[in-house]
Amino acid sequence: MLIPSLRLSREDGMGKSYSMDLRERVVAAIESGVSTRQAAARFAIGIATAGAWARLKRATGEVRPAKQGKPRGAVLDAHADFILGVLAEAPDTTLDEMVERLKAERGVTVVRTAVWKLLNRHGQTHKKRPLMPASKRALM
């Protein structure tokens, strides 16, 4: 027999936020004089979580959760025209050379993987050498 998991999760892999109702009840209990530890025990949540919600309420006036996930887009999206222009002028530019040019000319520090991913999104391919005919001595 399988026992269903009690873990809160969604199909996209990210955890689910606690409900606004629970957040408001925990903060109301803390504001009424109950200690953070007692409120956390009463509502079966972590002490740090209860404290964070109370601090959030004091700082912003509400306990709404922050938006989850990574923002769409990439650092290099704003520099795509520059990168594609450089490759149009000099198609044999390496990824490492492109990283150096971005740092020198645009003040953008990235790793070569970021440049490769941008080129991949724009349909650019990178081949180390042209396609060669098969060796006559190779076993088939």
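This report concerns the structure included in the present document. As the structure is a computational prediction, the values presented were derived from the model and not from experiment. (Residues numbered from 1 in each chain as written. Predicted model: local features only at pLDDT ≥ 70, side-chain atom pairs only at ≥ 80, totals over all residues. Heavy atoms only, no water.)

Regarding the environment of T60
For T60, the position within the fold is in helix α3 (residues 47–60). Engagement of the side chain of T60 in a polar contact is seen with the backbone oxygen of L56, the distance being 2.8 Å. Looking at T60, its side chain comes within polar contact range of the main-chain oxygen of E62, at 3.0 Å. (Helix = DSSP H or I, 4+ residues; strand = E, 2+ residues; numbered from the N terminus. Polar contact = N/O pair within 3.5 Å; in protein donor to acceptor, adjacent residues only side chain to side chain.)

Overview of the nonpolar core
Counting residues in each nonpolar core, the largest one holds 15 residues, and the members touching the most others are L76, I83, M98, L102, V110, V115 and L119. Those elements giving two or more residues to this core turn out to be α4 (80–89), α5 (95–106) and α6 (112–121). Of the residues forming this core, the biggest block, five residues, is contributed by α4. In contact with L119, not counting residues within four places along its chain, are I83, L84, L87, L95 and Q124. (Core = buried A, V, L, I, M, F, W, Y, C linked by side-chain atoms within 4.5 Å. Buried < 20%, exposed > 50% of the residue type's maximum accessible area, 1.4 Å probe, protein only. Contact = heavy atoms within 4.5 Å.)

Overview of the packing of helix α2 (residues 36–43) against α3
For the pair α2 and α3, interaxial distance at closest approach is 8 Å and the crossing angle is 115 degrees. In terms of axis orientation, α2 runs roughly perpendicular to α3. Classified by chirality, the crossing of α3 by α2 is right-handed. Every residue of α3 that contacts α2 at T36, R37 and A40 is listed here: I47, A50 and G51. For the contact of α2 with α3, the class distribution of residues is three nonpolar, two polar and one charged. (Axes fitted to C-alpha atoms, helices over the stretch in contact; angles between N-to-C directions. Parallel < 35°, antiparallel > 145°, perpendicular 65-115°, else oblique. Left-handed = near helix turned anticlockwise from the far one by under 90°. Nonpolar A, V, L, I, M, F, W, Y, C, P; charged D, E, K, R; others polar.)

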